[in-house]
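Coordinates in review
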Amino acid sequence: MELQVIYRKSKVLQALRYHFIQRTEIRVLIILVNVFAIVSAVLFYLKYIRPEPFLLGSFIWLCLMAAFWYILPRSIYARSPTFKDEFLVRFTEDEIQLDNERGQAHWSWNLFNRYFESPHFFHLYFNARSFFLIPKEQVPDSALHELRALFRNKIGN
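**Structural notes on the overall build of the protein chain**
When helices and strands are counted, the protein chain shows four helices and seven strands. In the protein chain, the succession of α and β elements from N to C terminus is β-α-α-α-β-β-β-β-β-β-α. By the compact-globule yardstick of 15 Å for 157 residues, the protein chain is too spread out, its C-alpha radius of gyration being 20 Å. For the protein chain, the spread of C-alpha atoms along the three principal axes comes to 65 × 30 × 25 Å. When burial is assessed residue by residue, the protein chain has 35% of its 157 residues classed as buried.

**Some remarks on the sheet that holds strand β4 (residues 103–108)**
Strand order across the open sheet formed by four strands is β1-β2-β3-β4, with antiparallel pairing between neighbours. What marks the edges here is a single partner per strand, and that holds for β1 (2–6) and β4. When the angles between neighbouring strand axes are averaged without regard to direction, this sheet yields 20°. Across five bridges, the pairing between β1 and strand β2 (residues 86–91) is antiparallel. Within β2, the position partnered with Glu2 by the bridge is Arg90.

**Some details on helix α4 (residues 141–154)**
With 14 residues, α4 extends 20 Å from end C-alpha to end C-alpha; this agrees with the ideal 20 Å at 1.5 Å per step. Burial in α4 covers these residues: Ala143, Leu144, Leu147, Leu150 and Phe151. One side of α4 carries all its buried residues, which in axial view fall inside an arc of 130°. Residues Ser142, His145, Glu146 and Asn153 are exposed on α4 and point more than 90 degrees away from its buried face. Taken together, the buried residues of α4 touch β1, β2, β5 (114–117) and β6 (121–125).

**Thoughts on unusual backbone geometry**
At Lys47, a position not held by glycine, the phi torsion is positive, near 65°. Take Lys47: its relative accessible area is 73%, and that puts it in the exposed class.

**Re the sheet that holds β5**
Strand order in the open sheet formed by three strands is β5-β6-β7, with antiparallel pairing between adjacent strands. The open sheet has two free edges, formed respectively by β5 and β7 (131–135), since each of these has just one partner strand. In this sheet, adjacent strand axes meet at a mean angle of 20° when their direction is disregarded. Judged from the four bridges that link them, β5 and β6 form a sheet pairing that is antiparallel. Residue pairing for β6: Phe116 is matched across the bridge by His123. The sheet strands contacting α4 are β5 and β6, and the helix crosses β6 at an angle near 15°.

**Structural notes on the pattern of salt bridges**
Two side chains with opposite charge may pair up if their charged atoms get near one another. A complete count under the given rule lists ten salt bridges for this structure. The salt bridge involving Glu2 is made with Arg90; its shortest N-O contact spans 2.9 Å. In this pair, Glu2 sits in strand β1 while Arg90 sits in strand β2, placing the two residues 88 residues apart along the sequence. Given the relative accessible area of 25%, Arg90 is considered partly exposed. We note a salt bridge from Lys11 to Glu137, for which the minimum N-O separation is 2.8 Å. In this pair, Lys11 is assigned in helix α1 (residues 9–22) and Glu137 in the loop between β7 and α4, connecting sequence segments 126 residues apart. Owing to a relative accessible area of 36%, Glu137 belongs among the partly exposed residues under this scheme. Salt bridges sharing partners connect three or more residues here, namely Glu2, Arg90 and Asp99.

Parameters at a glance
Residues numbered from 1 in each chain as written. Predicted model: local features only at pLDDT ≥ 70, side-chain atom pairs only at ≥ 80, totals over all residues. Heavy atoms only, no water. Helix = DSSP H or I, 4+ residues; strand = E, 2+ residues; numbered from the N terminus. Rg over C-alpha atoms; globule rule 2.2 N^0.38 Å. Buried < 20%, exposed > 50% of the residue type's maximum accessible area, 1.4 Å probe, protein only. Pairing = 2+ DSSP bridges. Axes fitted to C-alpha atoms, helices over the stretch in contact; angles between N-to-C directions. Expected span 1.5 Å × (residues − 1). Arc of directions from axis to C-beta. Contact = heavy atoms within 4.5 Å. Salt bridge = Lys/Arg side-chain N within 4 Å of Asp/Glu carboxyl O.

This is the structure:
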C-alpha cells in the first residue's frame, strides 16, 4: 500500500493533544489536580479552608490545561520539520518506507512497540516519546480496514 502524506496543522495539533492525554503520567497528574480542585472547592464552600487553596487548585488546573492543550502541541509542531514535509509512505510486509526529495527512511515493523488510532491519525510509537503520524484522510476508505489489520498484525499493542 502506498500513501501520499501531507500534514494539516490543525489536525496535527489535535493528534499531539491525543498523544499527551494518552500518557499515563499526564492522566494521573490531571486527575490529581482535578481532585485537589474539587476537594478544595467543597472545603471552601463548607468554610473549612480559606479561599487560597481553592484558587491555587484552579490556577494549577488552568496552567496544566493551557500547557497540554496549547503550549506543548504548538511548540512540538514548530520544532518538527516533519510536519511541514510531504512524502510518500509505502507499507510492505517487512517495513515502512518513507520517501521525499530530501531522502529515504526505512523502518522495520519490529522497531514499533505500539500504535493507537485517533480521529484523524494512526499513531505509530517507537517508544513512549517517539512516534510517527499517519493521516487517515489520505487513506482510501476501502484501505482503512486493511491498514488497521496490518498494524494489528505487525505491531500489536
